[in-house]
Amino acid sequence: MTNTTKQQPDSRGYFGQYGGRYIPKELESAIFEVEAAYNKYKNDPEFLTEYQDLLKNYVGRPSPLYLAKKLTAKLGGAKIYLKREDLNHTGAHKINHCIGEALLAKRMGKKKLLAETGAGQHGVALATAAALMGLECEIHMGAIDIAKQHANVIRMKLLGAKVVEVIQGGKTLKDAVDSAFGSFMQNYNDTFFAIGSVVGPHPYPAMVKDFQSVVGREAKQQILEQERRLPDMLIACVGGGSNAIGLFNEFLGDKTKIIGVEPAGKSFKPGEHAATLTLGKPGVLHGMMTYLLQDGEGQPLPVHSIASGLDYPGVGPEHSYLKDAGRVEYVTANDQEALNAFLELSRTEGIIPALESSHAVAHAIKIAGTLPKENIIIVNLSGRGDKDVDFVAEKLNI
Ligand SMILES: *Cc1c(COP(=O)(O)O)cnc(C)c1O
């Protein structure tokens, strides 16, 4: 494997006008240190061998590329393949970059991993990687999210992480990010800030993509083995954008049509969705220039999605670039469509998808029947739905 990707930002971390590094002076040396370390290790054979060994023997890669025959037959059009990131250890794609970030932190001689989490999925994956590497782990989480996501809080604690309750502001993800940044500024000598998606200041968007790009490399090889040709279409859900770019990256230079699906939530009214690329405008958030759902003063707007992992007012800068360049099309699926897709995949294929991934499945369901039977779609099934079953049961009264 090479760890190089199809599209790199420039030396200042820009994809076109997006990305960069909008951070306070006090954080500069800490972020430069991460960049220098990543540049040193990203092509280091020993580092890559250790990373790949963990992906194989700990995470369980490669994840299968599965032809969903019953769903395909039911929709009556294009063949639907599922890239099964739900089968990874800890149940989603996030472990791919958490292992990479933890390994880098260890090489840098850091003692502790620090991060924010919203629904707790990134916190659990990072606490897992920390336990594996023998590092301490500190996760900042809003008080409201702590109350809502009790099972993930317990998991983090069982894995040995310290969960810091954030009681400032709206007490959700954005406040947790601010709180984690604050802690990082005080302790960066022995701490590595492990961002949970392809967001934040350079080098995080490029680095997290490199770790996730294994998904697309595997999918390309697998589809060539099974179909002897490239797919006609890729579909993935977009929160921060890490599972999506992980699948897309390897295909950016091909003719394959690429679609990212954003959450349309309850409606397109402000505060009721998180369709950043569809309805946002460029601005600065969390150290990067990117599309942003913002008010007249540039402050991030509240967001909503039935899938808490998609609940973010920004998006990775590379997606902003790919949208403007016209290489990737960004569409939406709403809460109800995601819920319907969640049930459809459960009943038709015996696979309970994460509500995040259900947005990608929902778009495949919408479009497959309109395409010829010879067409091939790959849907990234970014995670499993075990975490969502109580919530869905309550919604559906079952
Ligand atoms: C966190 C999460 C997402 C959203 O994050 P991206 O960075 O956009 O991939 C999607 N699916 C699952 C299962 C998640 O846990």
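Residues numbered from 1 in each chain as written. Predicted model: local features only at pLDDT ≥ 70, side-chain atom pairs only at ≥ 80, totals over all residues. Heavy atoms only, no water.

## So, the domain arrangement of the chain
When the parts of a complex come together, some accessible area is lost, and that lost area is often used as the size of the interface. Looking at the assigned domains, one finds that the chain contains domain 1 (9–56 + 94–209) and domain 2 (61–91 + 213–396). Between domain 1 and domain 2, the contact holds 31 residues from the first and 34 residues from the second. Buried area between domain 1 and domain 2, summed over both chains or domains, comes out near 2,600 Å², and the portion from carbon and sulfur atoms is 64%. Together, Tyr18, Tyr22 and Lys209 form the three largest contributors to the area buried by domain 1 at its contact with domain 2, with a combined 27%. Between lysine 209 and glutamate 318 there is a salt bridge whose closest N-O contact spans 3.0 Å. Summed over the shared surface of domain 1 and domain 2, the result is 11 residue pairs in polar contact (both at pLDDT 80 or more). Those elements that provide at least two residues to the side of domain 1 that touches domain 2 are strand S2 (18–19), helix H2 (45–59), helix H4 (94–107), helix H5 (121–133), helix H8 (173–187) and helix H9 (204–212). Ranked by residues supplied to the side of domain 1 that touches domain 2, first place goes to H8 with four residues. (Domains from an automatic or database assignment. Contact = heavy atoms within 4.5 Å. Buried area = accessible area lost by both parts, 1.4 Å probe. Salt bridge = Lys/Arg side-chain N within 4 Å of Asp/Glu carboxyl O. Polar contact = N/O pair within 3.5 Å; in protein donor to acceptor, adjacent residues only side chain to side chain. Helix = DSSP H or I, 4+ residues; strand = E, 2+ residues; numbered from the N terminus.)

## Some words on the site of the ligand
Around the ligand, a shell composed of 17 residues is seen, among which Lys94, Ser197, Gly241, Ser242 and Ser382 lie nearest. Between the ligand and serine 197, the relevant distance is 2.6 Å, taken from an oxygen atom to a side-chain nitrogen or oxygen of the residue. Residue serine 242 places a side-chain N or O atom 2.7 Å away from an oxygen atom belonging to the ligand. Relative to its free-state accessible area of 380 Å², the ligand is covered by the protein chains to the extent of 97%. (Near = heavy atom within 4 Å. Areas by Shrake-Rupley, 256 points an atom, 1.4 Å probe, with all protein chains shown as cover.)

## Overview of the pairing of strand S12 (residues 288–292)
Of all five residues in S12, five are buried; the element is thus mostly enclosed. By the bridge criterion, five bridges tie strand S11 (residues 281–285) to S12 in an arrangement that is antiparallel. By the bridge assignment, valine 284 is partnered in S12 with methionine 289. (Buried < 20%, exposed > 50% of the residue type's maximum accessible area, 1.4 Å probe, protein only. Pairing = 2+ DSSP bridges.)

## Some thoughts on the pattern of salt bridges
One pass over the structure, following the stated rule, counts 20 salt bridges. A salt bridge links lysine 110 to glutamate 33; the shortest N-O distance between them is 3.2 Å. Within this pair, whereas lysine 110 is found in the loop between H4 and strand S5 (112–117), its partner glutamate 33 is found in helix H1 (residues 25–41), the two being separated by 77 residues in sequence. Judged by its relative accessible area of 7%, lysine 110 is buried. The exposure class of glutamate 33 is partly exposed, given its relative accessible area of 33%. Between lysine 174 and aspartate 178 there is a salt bridge, with the nearest N and O atoms lying 3.0 Å from each other. Of this pair, lysine 174 and aspartate 178 both sit in helix H8, four residues apart, roughly one helical turn. Look at the salt bridges and you will find they share partners, linking Arg61, Lys83, Glu85 and Glu218 into a network.

## Description of unusual backbone geometry
For the bond from arginine 61 to proline 62, the omega torsion is 0°, close enough to zero to count as cis. Mapped onto the elements of the fold, proline 62 is located in the loop between H2 and strand S3 (65–67). Between histidine 202 and the following residue, proline 203, the backbone shows a cis peptide bond with an omega angle of 15°. Looking at the secondary structure, you find proline 203 in the loop between strand S8 (191–193) and H9. One non-glycine residue with positive phi stands out, namely arginine 228, at about 60°. In this structure, arginine 228 sits in the loop between helix H10 (214–227) and strand S9 (233–237). We note that histidine 286 has phi near 45°; this positive angle belongs to a residue other than glycine.

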